Each structure stands twice: as structure tokens, then as C-alpha cells.
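Single-letter residue listing:
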Amino acid sequence: MADLMDKITSLAKRRGFIFQSSEIYGGIQGFWDYGPLGVELKRNIKNEWWKSMVQNRTDVVGVDASIIMNPKVWEASGHVSEFTDPLVECKVCHQRFRADKKAEIKAHEETHDEKVEWTNPRKFNLLMEAFLGVTEPKDKVYLRGEITQGAFVNFENVVSSTRVKVPFGIAQIGKAFRNEITPGNLTYRSREFEQMELEFFVEPKEADKWFKYWKEERLKWYESLGFKKDSLRFRVHEASERAHYAKHAEDIEYNAPFGWSEFEGIHNRGDFDLSNHKLKYMGEEGEFIPWVIETSGGVDRSALFFLIDAYHEEKGRVVLKLHPKLAPYKAAVFPLLANKPDLISKAKKIYDELKMDFNTAWDERGNIGKRYFAQDEAGTPYCVTVDFQTLEDDTVTVRDRDTTKQERIKVSELPAYLNLKLH
Ligand code: ATP
């Protein structure tokens, strides 16, 4: 199975999904860049999330808060004192690990047998510091450790500037930063990553009902984008592993090559945040502090797991069976032969029109088989080929990525055909 991670890593680089950050200078641990295909995949995930969590709902509005906030936010939120992981160091090789990641500890002990000796665990704060201003001493600030606080500190602004009433939610997508002790598994544990979160404010007595509701909604959303059913599960957090703000927490986990791994958390944060920030809400029966049900997903972890789940090797080809909504390119257009000007100009015309509405690739290199092979690896669901018959009757062949079957359709029907398949 570790082999699969190597294959995904190599495909991600070869095809332009994920590159090491600052690679020409030797990289920097825990930071990644998304290439031409990766940026499209990530953008599609975020767009689908926003559509389902904000656009299609009447009870959720969005915000986009700043990454650097007044440091008092992080004191009030408990992050300065509590946002820690337990760090242990192997006294023999000085490698550092998270004491709560039992599988990694065990793996290290097994490969280094009886020699292993650990330091006592010490708390390690994950907040990343930055320094602000031009004159010394500069002000110490933090790069946000979660995007969450940006929703809470805008609670009053949102209530007074919109017509939302409890129960309602504030949604946000954005970057977060953590001084992770053990970045690894490609983008899975990074030091800079993107989150997509909903903070949903409810009456305290309705918190359990909404927790259940959001758990189901979030699982349905992942399944609707193609995850295999048995590759996802919920896992309830034990009291000892719950974050400092959580009353109850469950993770959505994916059966990754490196074991079941969290990529979204559903948390009942109670009134922890609003009361720490001294915020209240005026309901019809008087003032109260709403409770918060949070859904906190990682864009990078989702992108990685969508890639892994979509990866198939069959009949001598590698194919990414990404859901068409997530696929970087929706279609590719080819002239059957690269040395026939008539075919090229007809194909270019079709390409120019299609790409106004669909992200479309163009390829005239090599033979048609090689082009299919390249688009399969990129996850492109439909390949459109312009051949000699096209010049006579204005029809093209459309080849389906998953079945490899081809059908002939009219050029004028291509947009409607793709629209139907993509929705
Ligand atoms: P872990 O136990 O794996 O460190 P966490 O429980 O601290 O994760 P949360 O604080 O609940 O994670 O963050 C919510 C989501 O943000 C996670 O489910 C994940 O998708 C994403 N996330 C958190 N930390 C990272 C990271 N270091 N790299 C990439 N994504 C992350």
C-alpha cells in the first residue's frame, strides 16, 4: 500500500498536480505548491463546497477574514495556552514524534528495536509566529492556526449586516498555519494548508439535533463527489484527544494507504468561543449565548484523498476516475492527425468554443492513443476527436474516460452533451 503513495506522489508531480515548495532550492518541509492541474482540482473542490454550504442554502452566509488578527483573539480563544501537541524525541536518533500518534511511535520502535529511548513528552505550541512593523521591537503576531476565529470575531458584524437569525451559519475557506512536529504523507500533514469551515450557531437545546444533521450532510456531500462508500467512516473522539474547545467531536476518516486518517472534523464547540469573546445574541425570548456546531474540513487532505480514491490501473493504463465536477479538465479536443491543416483548424474552432464554458485541454502531439493515455492520467472525462468525417457532416467522436467507449455526436450538441454529463 505504501507503494500506492509513491505512485500518487509521482503522478502528482509528473502531471502537475502537486510540487514540492521551493523545489529548486531543496524544498522546505511541510510546504507544497499546486501545479496547473492541482490548482483546478482544489478550486473545483472549494467551488462545490461553497455551492452546497452557502449558495444553495438560505441559512448560511460567507466571510473571508484576514490571516493575521489581533493577537488578543488567540489569547481569548485559548490557542496561546492550549493549542499544543505532545512532543517526544528519540534519544538515539533525535527524531521527533507526536506522543499521541501511537502508530508512528510503534513503527519507530519496531524499526529501531531495543535501542529506542524516549524523552518525556513536552507540550509544543503549534501557533506560527510572525513579526509586524518596521521599527524594533516589532509586534509579535500569529499566522492563524485555524480559520475558525475569523467567523467568531465577525459574529456581531454578520448579525447586524444581514438578516440571519439563529439557527444560522458562517462559512469560510482559507489558509491556516501550524508548526506541525511531523509533517508528512505528501500534503496530508502540512505546515500551511487550507480549511473549509462552517460555524453553525444554534440554541443550546438543539445542539445535538444539528450535530447529527451536519454529520449526515457532510458525509453525503463527500459521497456525492464519488468517494467509495466503504472508504469513509466516522470516528468519535475520546475525551483525552478532544481539542480544548470541543464538547463532542467526530472525524470523517478516509481509508488511506497510511491507515484510516481524519480529513474533516464535526465538533460541538458549545458556547466556548462566543463566551470567550464575550459575545451574545438577542433572540425572541431574550439574550443568550448560542452554541456552535462546526464542520471543519481540509481542502488539501480532501484533494489528496480524492486523488487516491480516483487512482486506477487497468489494461495498461493509469486512469484517474475523478468525479467530472472535480476533474481539472472537463474535455480535451484533438485533431486526428497533426499534419492536416483542415483538421487542425476545425478542431481549434471547436476547442475555442468549448473552453468558453468548460475547462478544456488541447493536444496534437503524438498519436491518438498517447493522447488518450495522457488525458486518462489527468482525469479528463471526455476526449473529443475531429476526423475526416467531421469535415463532411460536422460530427465528432466523444470518448468516455471510464468505459473507453466512443460515440459520434453533432458538434452543435457538444455543450449540451457535456452539461448533461457534468451535472
Ligand atoms: P490532526 O489530529 O490530524 O493534527 P486536527 O484534529 O488537529 O488534525 P483540526 O484542528 O480538527 O485537525 O482541523 C480540521 C481539519 O483541518 C482537519 O480535518 C484537516 O482536514 C485540516 N488540517 C488540520 N491540520 C492540517 C495539516 N497540518 N495539514 C493539512 N490539513 C490539516
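Basis of the calculations
Residues numbered from 1 in each chain as written. Predicted model: local features only at pLDDT ≥ 70, side-chain atom pairs only at ≥ 80, totals over all residues. Pairing = 2+ DSSP bridges. Helix = DSSP H or I, 4+ residues; strand = E, 2+ residues; numbered from the N terminus. Axes fitted to C-alpha atoms, helices over the stretch in contact; angles between N-to-C directions. Buried ≥ 20, exposed ≤ 12 C-beta atoms within 10 Å, placed from the backbone. Arc of directions from axis to C-beta. Domains from an automatic or database assignment. Nonpolar A, V, L, I, M, F, W, Y, C, P; charged D, E, K, R; others polar. Expected span 1.5 Å × (residues − 1). Contact = placed C-beta atoms within 7 Å.

(A) Main features of the pairing of strand E12 (residues 248-256). Direction of pairing for strand E11 (residues 232-236) relative to E12: antiparallel, over a ladder of five bridges. By the bridge assignment, Val236 is partnered in E12 with Glu250. Sheet topology note: the E12/strand E13 (residues 259-270) ladder contains nine bridges and is antiparallel. Counterpart to Glu253 in the pairing with E13 is Glu262. In sequence, E12 turns back onto E13 through a hairpin of two residues.

(B) Highlighting the sheet that holds strand E19 (residues 331-335). In spatial order, the strands read E20-E19-E21-E22-E23; together these five strands make up an open sheet with mixed pairing. The open sheet has two edge strands with one neighbour each: strand E20 (360-362) and strand E23 (406-410). Ignoring strand direction, the axes of neighbouring strands in this sheet form an average angle of 30 degrees. The pairing of E19 with strand E21 (residues 382-386) spans five bridges and is classified as parallel. Each bridged residue has a counterpart across the sheet, and for Phe334 the counterpart in E21 is Thr385.

(C) Geometry of helix H12 (residues 368-378). Residues of H12 that are buried include every one of Arg371, Tyr372, Gln375, Asp376 and Ala378, and no others. For H12, the buried positions fall inside an angular range of 160 degrees around the axis, keeping them on one side. Opposite the buried face of H12, by more than 90 degrees, sit the exposed residues Gly369 and Lys370. Gly379 sits one or two positions beyond H12 and adopts a positive phi of about 85 degrees.

(D) Representation of the domain arrangement of the protein chain in the model. Entries for the protein chain in the domain assignment read domain 1 (2-83 + 126-309), domain 2 (84-124) and domain 3 (331-422). Distance from the C-alpha centre of domain 1 to the C-alpha centre of domain 2: 27 Å. A per-class count over the side of domain 1 that touches domain 2 returns three nonpolar, two polar and two charged.

(E) Structural context of helix H8 (residues 207-224). Helix length check: H8 (18 residues) gives 26 Å between terminal C-alpha atoms against 26 Å at 1.5 Å per residue, within 8%. Where H8 is concerned, the buried positions are Ala207, Phe211, Arg218 and Tyr222. The buried residues of H8 occupy an angular sector of 45 degrees when projected down its axis, which confines them to one face. Residues of H8 that are exposed and angled more than 90 degrees away from the buried face: Lys212, Glu216, Lys220 and Ser224. Buried-residue contacts for H8 involve strand E10 (192-202), E11, E12, E13 and strand E16 (291-298).

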